[in-house]
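Here is how the chains run, residue by residue.
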Amino acid sequence: MTATGSPDLPPEGFRTPTAPVVVPEYVQPPDRSSLPLVFTAPRRGKPPTHWADLDPAARRTAVEQAGHRAYRARQLSAHYFEGLRDDSETWTDLPAGVRAELASAFMPRLLKPVRELTCDDGDTVKSLWQLHDGALVESVLMRYPDRVTMCVSSQAGCGMACPFCATGQGGLQRNMSTAEIVEQVVDGARKLAQGTLADAEAGRTPRVNNVVFMGMGEPLANYKAVVGALRQLTTPNPDGLGMSARGITVSTVGLVPRITQLATEGMPVTLALSLHAPDDELRDELVPVNTRWNVDEVVDAAWEYARTTKRRVSIEYILIRDVNDQPRRAEQLAKVLRRRGTWGWVHVNLIPLNPTPGSRWTASRRRDEDEFVRVLQSRGVPVTVRDTRGREIDGACGQLAAGQADITEPDVTTPAGVRAHA
Ligand code: SAH
């Protein structure tokens, strides 16, 4: 397998001018996906700078440079992050004559809605967005009785080439900016605040409690923008969205140096590691980046993350029929995890495989799934099976492809119970 970009992932922005870039040869496992691993996103025209790209000091400077008093920055932040008001006419604490000018200077529209699909009686909403350069991404909002979870994309496409994932099969178009990531959450929060979703419990204004970086892309391959987004999400109102880091989950294929770095950021978000196999032979096939950082290395990094942040790590494990769902693999998984300690540092999240176009794999049989759970439990490993949302609108894990077909065929037949809003 060939790799592009730097697999050693130096800190972003860090370049040693004299050091040659060494791109090690990756050995293509026999009879596997021929997609390359891509660590560095192609450079494209940058999206316009947005309020959600800036920290509070930079916002004040930007406002002053535009000829306004610095305190206007706090007012704008309150409208954006706290009030979720995107119509500048409602910014009545600002002079009428400057509202539109400030809105267009600092809050350019980054996500153009292309299509929305809903299911689960309106409780699951998948949004397809077009970015300024035409790239397409998707996000999914899921309402549960007691909480709302927003699943966001961090890259247009993905370079990690996992063969069971529709996003991975499409390759990487580009990294998303901090504000492009934040805007997905703000849009979801706004929809809830405005009550545009079917709201069974009238009179209640639900809010986004959880954000999961499980949409398109490998978040840790777009480290700087993702950490920037985490800061915007967790900074208290009015300068940020004021979410708890505990409600945020970053899911990764296992880029070890970045896991280690994330532990030092002072934002104890939950780490989810997409393991999918307890042995290198199978994981090399299912998660090609395993050829760079193997099972032992990623599990060590996850353990270290739990130790540093005091946050329990989630091990994601898709169940694929007759591929990785045998009892001996459950035993091996328990061994791999327990070897690092039994003090509750980890939790296994089993995900029934969601179908993707052209894949030869299917979800495990129910009895194999039950047996897998039983083996883990009998060895003291906490385990849950994920309740997958949005499968019928291709909005479930691994189904986000943001395919062109989505927008060029507005009349696609949707399964019963699914409403398409072009
Ligand atoms: N790149 C990151 C985040 C995106 S995917 C990662 O891989 O972790 C979010 C989760 O969905 C991952 O655990 C991923 O392995 C899983 N997933 C991908 N394709 C899937 C599929 N077809 N069915 C079920 N889960 C899938």
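Residues numbered from 1 in each chain as written. Predicted model: local features only at pLDDT ≥ 70, side-chain atom pairs only at ≥ 80, totals over all residues. Heavy atoms only, no water.

## Observations concerning empty space enclosed by the protein
As a reminder, the rule being used: Think of a 1 Å grid over just the protein atoms. A cavity is a set of points where a 1.4 Å probe fits yet cannot get out, a pocket is an open set with protein on both sides within 12 Å along at least five of seven lines, and lining residues have an atom within 4 Å of a point. Grid points are joined across faces, edges and corners, and a volume is the space filled by probe spheres set on the points. Numbering of helices and strands runs from the N terminus, with a helix taken as a DSSP run of H or I at least four residues long and a strand as a DSSP run of E at least two residues long. Amino acids are sorted into nonpolar (Ala, Val, Leu, Ile, Met, Phe, Trp, Tyr, Cys and Pro), charged (Asp, Glu, Lys and Arg) and polar (every other residue, Gly among them).
Scanning the model with the defined rule gives 3 cavities of 30 Å³ or more in all. If you trace the largest cavity, you find 29 residues lining it, with F164, C165, M214, S274 and G398 closest to the centre. Secondary structure elements with two or more residues in the lining of the largest cavity: α4 (166-169), β10 (248-252), β12 (313-319) and β13 (346-352). Of the residues belonging to the lining of the largest cavity, the class tally is 15 nonpolar, 11 polar and 3 charged. Of the voids in this model, the second largest cavity is the one considered here, and its volume is about 50 Å³. Those elements that provide at least two residues to the lining of the second largest cavity are β4 (124-130), β5 (136-143) and α5 (178-193). Counting residues per element, the lining of the second largest cavity draws most heavily on α5, at 4 residues. Residue composition of the lining of the second largest cavity, grouped by class: 5 nonpolar, 4 polar and 2 charged.

## Brief notes about the site of the ligand
The cut-off we apply is this: Note on definitions. A residue lies near a molecule or strand when any single heavy atom of the residue is within 4 Å of it. Within 3.5 Å is the distance limit for a polar contact, defined as a pair of N or O atoms, with the added protein rule that one can donate a hydrogen and the other accept it, and that residues adjacent in sequence qualify only through two side-chain atoms. Only the protein chains shown count as cover for residues, with accessible areas throughout obtained via the Shrake-Rupley method and a probe of 1.4 Å. To be counted as sitting in a cavity or pocket, a molecule needs more than half of its atoms within 2 Å of that site's grid points.
Residues in close proximity to the ligand total 22 residues, the closest being S251, S274, H276, N354 and G398. In the model, an oxygen atom of the ligand is placed 2.6 Å from a nitrogen or oxygen of the S251 side chain. Protein burial of the ligand: of its 530 Å² of free accessible surface, 96% is covered by the chains. A molecule is said to occupy a pocket when more than half its atoms come within 2 Å of that pocket's grid points, and by this definition the ligand occupies the largest cavity. A class-by-class count of the residues in the shell around the ligand yields 11 nonpolar, 9 polar and 2 charged.

## Regarding the side chain of E180
Going by this rule: Residue contacts follow a heavy-atom distance rule, with two residues in contact if any of their heavy atoms lie within 4.5 Å.
Structurally, the position occupied by E180 is in helix α5. Looking at E180, its side chain comes within polar contact range of the side chain of R174, at 3.0 Å. Here E180 is in contact with P47, L110, L111, L131, H132, R174 and N175, once residues within four sequence places are set aside.

## Details of the pattern of salt bridges
Here is the rule: Here, a salt bridge means any Lys or Arg side-chain nitrogen found within 4 Å of an Asp or Glu carboxyl oxygen. Whether a residue is buried, partly exposed or exposed follows from its accessible area with a 1.4 Å probe, protein chains only, as a fraction of its type maximum: under 20%, in between, or over 50%, in that order.
The final tally for this structure, using the stated rule, is 22 salt bridges. A salt bridge links K126 to E138, with the shortest nitrogen-to-oxygen separation between them at 3.2 Å. A residue pair is termed long-range when its members are at least 10 positions apart, and K126 in strand β4 and E138 in strand β5 qualify at 12 residues. Each member of the pair, K126 as well as E138, carries the same accessibility label: buried. Note that E285 is salt-bridged to R360, the shortest N-O span being 3.6 Å. Placement of E285 in helix α8 (residues 280-286) and of R360 in the loop between β13 and α11 (366-378) is noted, with a sequence separation of 75 residues between them.

## Focus on the packing of aromatic side chains
Put simply, the rule reads: Pairing of aromatic side chains requires ring centres within 6.5 Å, counting the rings of Phe and Tyr and the six-membered ring of Trp. Pairs whose planes differ by under 30 degrees are stacked, by over 60 edge-to-face, and all others tilted. A positively charged side chain is recorded as over a ring if its NZ (Lys) or CZ (Arg) lies within 6 Å of the ring centre. The angle to the ring normal must also be within 35 degrees.
Per the stated rule, a full pass over the model turns up 4 aromatic pairs. Ring geometry for F39 and W293: centres 6.2 Å apart, planes at 85°, overall edge-to-face. Of this pair, F39 sits in the loop between β2 (37-38) and α1 (56-65) while W293 sits in the loop between α8 and α9 (295-309), and the two are 254 residues apart along the sequence. Overall, W293 belongs to the buried group, its relative accessible area being 5%. In this structure, R147 is placed above the aromatic ring of Y144, and the distance from its NZ or CZ to the ring centre is 4.2 Å.

Any functional reading would require information that these geometric values do not contain.
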